Amino acid sequence: MNEVLITTVFIVILVSGVYFYAGYLTKTGKAEDADGNLIPDEWEEKFGWFFSAKGLIMFTLGLLLGYLLGNQFPI
Ligand SMILES: [Ca+2]
């Protein structure tokens, strides 16, 4: 169970890091962002689904993390 929690935390950090890095690259002008949606256009072509599903992905990860933490540290 603990391994699942650690893996989930790692995935959450990784996924948030990618979204954060996308914003950093476009805001600082290090990556092309013609449509101004804070996603590098090169990434959008290849991983568009990852960004269009951002809300769903973060929601699912949040639910999973909350569930695992609740199991690990019961009140
Ligand atoms: Ca873009």
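Whatever comes next refers back to the structure up there.
A brief structural summary. Predicted, not measured: the structure shown is a model, and the values here were computed from it. (Residues numbered from 1 in each chain as written. Predicted model: local features only at pLDDT ≥ 70, side-chain atom pairs only at ≥ 80, totals over all residues.)

## Examining the overall build of the protein chain
A count of helices and strands for the protein chain gives three helices and zero strands. Starting at the N terminus and ending at the C terminus, the protein chain contains elements arranged as α-α-α. For 75 residues, the compact-globule estimate of 2.2 N^0.38 gives 11 Å, and the C-alpha radius of gyration of the protein chain, at 15 Å, exceeds that figure by more than 25%. Considering only C-alpha atoms, the protein chain reaches an extent of 50 × 20 × 20 Å along its principal axes. (Helix = DSSP H or I, 4+ residues; strand = E, 2+ residues; numbered from the N terminus. Rg over C-alpha atoms; globule rule 2.2 N^0.38 Å.)

## Here we look at unusual backbone geometry
The backbone phi angle of Leu38 is positive, close to 65°, even though this residue is not glycine. Within the secondary structure layout, Leu38 lies in the loop between helix 1 (2–27) and helix 2 (41–52). With 15 C-beta atoms packed within 10 Å, Leu38 lands in the partly exposed category. (Buried ≥ 20, exposed ≤ 12 C-beta atoms within 10 Å, placed from the backbone.)

## Here's the deal with helix 3 (residues 54–72)
The terminal C-alpha atoms of helix 3 lie 26 Å apart, and with 19 residues this matches the ideal 27 Å at 1.5 Å per residue to within 8%. With respect to burial, helix 3 is a largely exposed element, only zero of its 19 residues being buried. (Expected span 1.5 Å × (residues − 1).)

## Describing the environment of Pro74
Within the secondary structure, Pro74 is located in the segment after helix 3. Separated by 27 residues in the primary sequence, Pro74 and Phe47 place their C-alpha atoms 37 Å from one another.

Geometry only, nothing functional implied.
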